[in-house]
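Next come the chains, spelled out residue by residue.
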2 protein chains.
Amino acid sequence: MNSKQNRISIISQIIESETVRSQNDIIDRLRERGITLTQASLSRYLKEIQASRIPDGNNGYIYKIPPEAAKSTAVLSNEVVSVEFSGNNMAVLKTISGYANAVSAQIDAKMLPPIAGTISGDDTILIIIRDGFSKRQVKDYLVREFQYIKNKFLNE
Amino acid sequence: MNSKQNRISIISQIIESETVRSQNDIIDRLRERGITLTQASLSRYLKEIQASRIPDGNNGYIYKIPPEAAKSTAVLSNEVVSVEFSGNNMAVLKTISGYANAVSAQIDAKMLPPIAGTISGDDTILIIIRDGFSKRQVKDYLVREFQYIKNKFLNE
DNA sequence: TCATAAGGTGTATATTTATGCACTTTCGAC
DNA sequence: GTCGAAAGTGCATAAATATACACCTTATGA
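Predicted model only: the values in this text are computed from it and were never measured.

Quick notes on the rules
Residues numbered from 1 in each chain as written. Chains lettered and ligands numbered in written order. Predicted model: local features only at pLDDT ≥ 70, side-chain atom pairs only at ≥ 80, totals over all residues. Heavy atoms only, no water. Near = heavy atom within 4 Å. Polar contact = N/O pair within 3.5 Å; in protein donor to acceptor, adjacent residues only side chain to side chain. Helix = DSSP H or I, 4+ residues; strand = E, 2+ residues; numbered from the N terminus. Buried < 20%, exposed > 50% of the residue type's maximum accessible area, 1.4 Å probe, protein only. Contact = heavy atoms within 4.5 Å. Salt bridge = Lys/Arg side-chain N within 4 Å of Asp/Glu carboxyl O.

Asker: Before we go on, may I ask you to explain the protein's contact with DNA strand C in this structure?
Answerer: Close contacts around DNA strand C come from 21 residues, with Arg7, Ser41, Arg44 and Tyr45 of chain A together with Arg44 of chain B the closest. When atoms of DNA strand C within 4 Å of the protein are sorted by moiety, sugar and phosphate together comprise 69%. One of the side-chain nitrogen or oxygen atoms of Arg7 of chain A is found 2.3 Å away from a phosphate oxygen of DNA strand C. Within the side chain of Gln39 of chain B, an N or O atom sits 2.8 Å from a base nitrogen of DNA strand C. When residues of the surface near DNA strand C are traced back to their parent elements, those giving at least two are α1 (4-17) and α3 (39-48) of chain A together with α3 (39-48) and α5 (135-145) of chain B.

Shown next, in the form of structure tokens:
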């Protein structure tokens, strides 16, 4: 699946594992992997994942993804399709196909107080809300930790 | 007063306290404060302080200084007795007894580009200057990060 | 199904940022 | 002090990045 999301994920990977000093550098690395795209699109992708060119303190510039953006961008921002509450103790989170597990792992890793646990299938995650916590608190924590999820909420 | 250092310090302040989306923005803010400089110089300053323009996640760009490069009014107050250069690649920093380690930890934490590393004993710190950088640059960075240290330099 | 909306992309170009060069100033060793 | 080297700067321009626009594809809804 050579989709936009796929390319974005490869681009993140390149930025995090290699030293790239310009968008042309990135385009070259992509071409080595058989992926062709224009500088224009790359610029738009980089904006989405909040990657940017920063001085490296040693007389040059290097592309980086700020840590707080790396977390929420890598999986959650692009893979989560929707979040919807059911009753007062559950939330159903939909991802694009195959990503439910990766996403739920990220949520689990945060050990958020209002989340008792998660169960994930292929494209669906069930979030169990801990007794004594509200839907609102779950939403607030998720949004705080994964900023990009904000507009994925269907109800609250 | 070193004018360049002064301007750099004001620029950091602007970036941290206002929303600036381009170098021209910064130049405008500086002009409001009676400081005039060209975009060329600003670009060079920003490179020094490792400030850069990053996507703000909301369809725009904003200038930021990454946390590890950001200046903080650190607390290495009266422990430093003197700073003296030796040769072209070392500086010897004297502290009051027992504080060398704590002080060098603060210097290390800044990850200053011109400092390759430090070694500390009880009241003495040896600063190793990174190849390609000058004594002058070490002094400028130290003074920028630890202003009160300014008058502790024995030679320059 | 078709119409319309929404998203994705490349081209060309505008905008923004970096830097070579020439010149001036400051520094550091005598 | 003087001298040579390094740092600082503006101008002009190169290099790099962002985006308006046109076009195409894919979703959405009647």
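Asker: How do you make sense of the side chain of Ser104 of chain A when you look at a structure like this?
Answerer: All names here are of chain A. Position of Ser104 among the secondary structure elements: in helix α5 (residues 100-110). By relative accessible area, Ser104 is classed as buried at 4%. Among all residues touching Ser104, those that are not within four sequence positions of it are Thr118, Ser120 and Ile125.

Asker: Would you mind going over the pattern of salt bridges with me for this structure?
Answerer: Where charged atoms from two side chains of opposite charge approach closely, those side chains can pair. On inspection of all chains with the given rule, the structure shows eight salt bridges over all chains. A salt bridge links Arg33 of chain A to Glu18 of chain A; its shortest N-O distance comes to 2.6 Å. In this pair, Arg33 of chain A is assigned in the loop between α2 (23-32) and α3 and Glu18 of chain A in the loop between α1 and α2, connecting sequence segments 15 residues apart. Relative accessible area serves as the criterion here: at 38%, Arg33 of chain A is assigned to the partly exposed category. Its salt-bridge partner being Glu18 of chain B, residue Arg29 of chain B comes within 3.1 Å of it at the nearest N-O pair. One end of the pair, Arg29 of chain B, is in helix α2 (residues 23-32); the other, Glu18 of chain B, is in the loop between α1 (3-17) and α2, with eleven residues separating them in the sequence. According to the relative accessible area criterion, Arg29 of chain B is buried, its value standing at 18%. One network of salt bridges, in which partners are shared, links Glu18, Arg29 and Arg33 of chain A.

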